[in-house]
Amino acid sequence: MPTMTTQAPQFGVYVFNGGPVLAEPEIFEGIARAAEDLGYEAICVYDHVVMPSTLTDQHPYGGPGHFTAGPREVYYDPLTTLAYLAGQTRRVKLITSALIAPYRPALLTAKMLASLDALSRGRLILGVGVGWSRDEFAALGVPFHKRGRLTDETLRVWRTAWTEARPSFRGELVAFEAVLFGPKPVQRPGPPLWIGGHSRAALERAVRFGDGWHATRLALPDMAAKLDELRAVARAAGREAAELTIALKLNLRLGQPAAAAADLAGTPAEIAERLRAYQRLGVGYVVLDVQGERLDDVLASMRGFAEAVRPRLAGL
């Protein structure tokens, strides 16, 4: 069972590298610098390569209806964005939430990730997912039905490239022999891997490959049920679930009503009480998607959370 720590969760905040409103470099910089100044532990980015104008699949964590990108929808590449922001900051961790592993060539991506970890002096955390949009997979020429196998093999390639002096790998989809691979990541055996997704396969992947499990917008009863399932999966695999960091992405609506059951909404006291309940379940890292239409709104919520919510969590 994930053990309850004596400390409150750590917090990351999205810099909005994707979307119709806030995806602008000046806004990235403003949020990243504010996160560092206000004591947040991390900044986070999304991942989409292309976004078809009309999607046939429903977003798995977006609520009812279909996710449809408008003409102003922009998604900056997550690794390029984090490399840029690594130079704008000095302390905060750099989180992909989540990088879609099967979109990208495994060995090339291992190189990019190792370079980013080295250049940022070991600040990278890799939230990893298998993806959900058939349309996006089709546009990229990647078989949607193989995304799980592609992800598993990609994760094995990354670990091999990061840890072996002359990496060799022979899998179903990837093969290379005694290559020279450098730089190695600063973090050993590599950046922490937080495996995303709520399916049984995702939980099994987290136990098999991960340093953490990364959930998205789960209300308290649903989070409790999934953690029970994760513990059962870990026991069956001979691993302790307490070894995994439990990370959870939630929308922050400080001073606003909730739009969904999992939202961190309302007064600072109400939000702090909700976070205490998540912490009692074992959540150790909360990734905040701060809701707002303007940079000033986002910064005000970030400041309010840092000054009025976090002090209520001290000493738990």
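Residues numbered from 1 in each chain as written. Predicted model: local features only at pLDDT ≥ 70, side-chain atom pairs only at ≥ 80, totals over all residues. Heavy atoms only, no water.

**Digging into the environment of D228**
Logical step 1: Its place among the elements puts D228 in helix 7 (residues 220-236).
Logical step 2: C-alpha of D228 to C-alpha of Y84: the two residues are 144 residues apart in sequence and 39 Å apart in space. (Helix = DSSP H or I, 4+ residues; strand = E, 2+ residues; numbered from the N terminus.)

**Section: the pairing of strand 6 (residues 124-129)**
Logical step 1: The buried fraction of strand 6 is high, at six of six residues.
Logical step 2: The alternating pattern of strand 6 places L124, L126 and V128 and I125, G127 and G129 on opposite faces, both of which are buried.
Logical step 3: With five bridges joining them, strand 5 (residues 93-100) and strand 6 adopt parallel strand pairing. What sits directly across from T96, in strand 6, is L126. (Buried < 20%, exposed > 50% of the residue type's maximum accessible area, 1.4 Å probe, protein only. Pairing = 2+ DSSP bridges.)

**Quick word on the pattern of salt bridges**
Logical step 1: Under the defined criterion, the tally for this structure stands at 21 salt bridges.
Logical step 2: Taking the shortest distance from any N to any O, the salt bridge between R149 and E172 comes out at 2.2 Å. In this pair, R149 is assigned in helix 5 (residues 147-163) and E172 in the loop between strand 7 (169-170) and strand 8 (175-176), connecting sequence segments 23 residues apart.
Logical step 3: Note that R280 and E273 form a salt bridge whose closest N and O atoms lie 3.5 Å from each other.
Logical step 4: The exposure class of R280 is partly exposed, given its relative accessible area of 45%. (Salt bridge = Lys/Arg side-chain N within 4 Å of Asp/Glu carboxyl O.)

**Details of the packing of aromatic side chains**
Centre distance and the angle of the planes are the two values used to describe a pair of aromatic rings.
Logical step 1: This model, assessed by the stated rule, comprises nine aromatic pairs.
Logical step 2: Where Y14 meets Y46, the ring centres are 4.5 Å apart and the plane angle is 10°; that geometry is what we call stacked. Of the two residues, Y14 sits in strand 1 (residues 10-14) while Y46 sits in the loop between strand 3 (42-45) and strand 4 (74-75), which places them 32 residues apart along the sequence. The pair formed by Y14 and Y46 is uniform in burial state, with each residue classed as buried.
Logical step 3: A connected cluster of aromatic rings, assembled from ring pairs, spans F11, Y40 and F305.
Logical step 4: Over the ring of F181 we find K111, and its NZ or CZ is 5.9 Å from the ring centre.
Logical step 5: The aromatic ring of F144 is capped on one face by R147, whose charged end is 3.8 Å from the ring centroid. (Phe/Tyr/Trp six-rings, centres within 6.5 Å; stacked < 30°, edge-to-face > 60°. Lys NZ or Arg CZ within 6 Å of the ring centre and 35° of its normal.)

**Things to note about the side chain of D263**
Logical step 1: As for its placement among the helices and strands, D263 is situated in the loop between strand 11 (245-254) and strand 12 (264-266).
Logical step 2: A relative accessible area of 4% means that D263 is categorised as buried.
Logical step 3: Of the polar contacts made by the side chain of D263, one reaches the backbone nitrogen of A259; its length is 2.8 Å.
Logical step 4: Residues contacting D263, with those up to four places away along its chain left out, are N251, R253, A258 and R274. (Polar contact = N/O pair within 3.5 Å; in protein donor to acceptor, adjacent residues only side chain to side chain. Contact = heavy atoms within 4.5 Å.)

**Side note on the nonpolar core**
Logical step 1: With 83 residues, the main nonpolar core has W158, W213, M223 and M302 as its most contacted residues.
Logical step 2: It is helix 9 (residues 295-313) that contributes the most residues to this core, seven residues altogether.
Logical step 3: Core analysis: the second largest hydrophobic core is formed by six residues, I100, Y103, F137 and L150 among them. (Core = buried A, V, L, I, M, F, W, Y, C linked by side-chain atoms within 4.5 Å.)

**A short note on the packing of helix 5 against helix 6 (residues 200-209)**
Angle between the axes and distance between the axes: these two values describe a pair of packed helices.
Logical step 1: Orientation of helix 5 relative to helix 6, taken along the N-to-C sense of each, is 15°, at an axis distance of 12 Å. Taken together, the axes of helix 5 and helix 6 are roughly parallel relative to one another. Our pair here, helix 5 against helix 6, has a crossing hand that is right-handed. Across from G148, T151, D152, L155, R156 and R159 in helix 5, the residues of helix 6 making contact are R205, R208 and F209.
Logical step 2: The residue makeup of the contact of helix 5 with helix 6, split by class, is two nonpolar, two polar and five charged. (Axes fitted to C-alpha atoms, helices over the stretch in contact; angles between N-to-C directions. Parallel < 35°, antiparallel > 145°, perpendicular 65-115°, else oblique. Left-handed = near helix turned anticlockwise from the far one by under 90°. Nonpolar A, V, L, I, M, F, W, Y, C, P; charged D, E, K, R; others polar.)

**Brief notes about helix 5**
Logical step 1: Counted at 1.5 Å a residue, the expected span for helix 5 with its 17 residues is 24 Å, and the 24 Å between its end C-alpha atoms agrees.
Logical step 2: With 13 of 17 residues buried, helix 5 is to be regarded as a mostly interior element. (Expected span 1.5 Å × (residues − 1).)

**Brief notes about the environment of V130**
Logical step 1: Following the sequence through the fold, V130 ends up in the loop between strand 6 and helix 4 (134-140).
Logical step 2: Classification of V130 by relative accessible area gives partly exposed; the value is 23%.
Logical step 3: Sequence-wise, V130 and K184 are 54 residues apart; in three dimensions their C-alpha atoms are separated by 24 Å.
Logical step 4: Discounting residues that sit within four places of it in the chain, V130 has contacts with I100, P102, F137, R147, T151 and R205.

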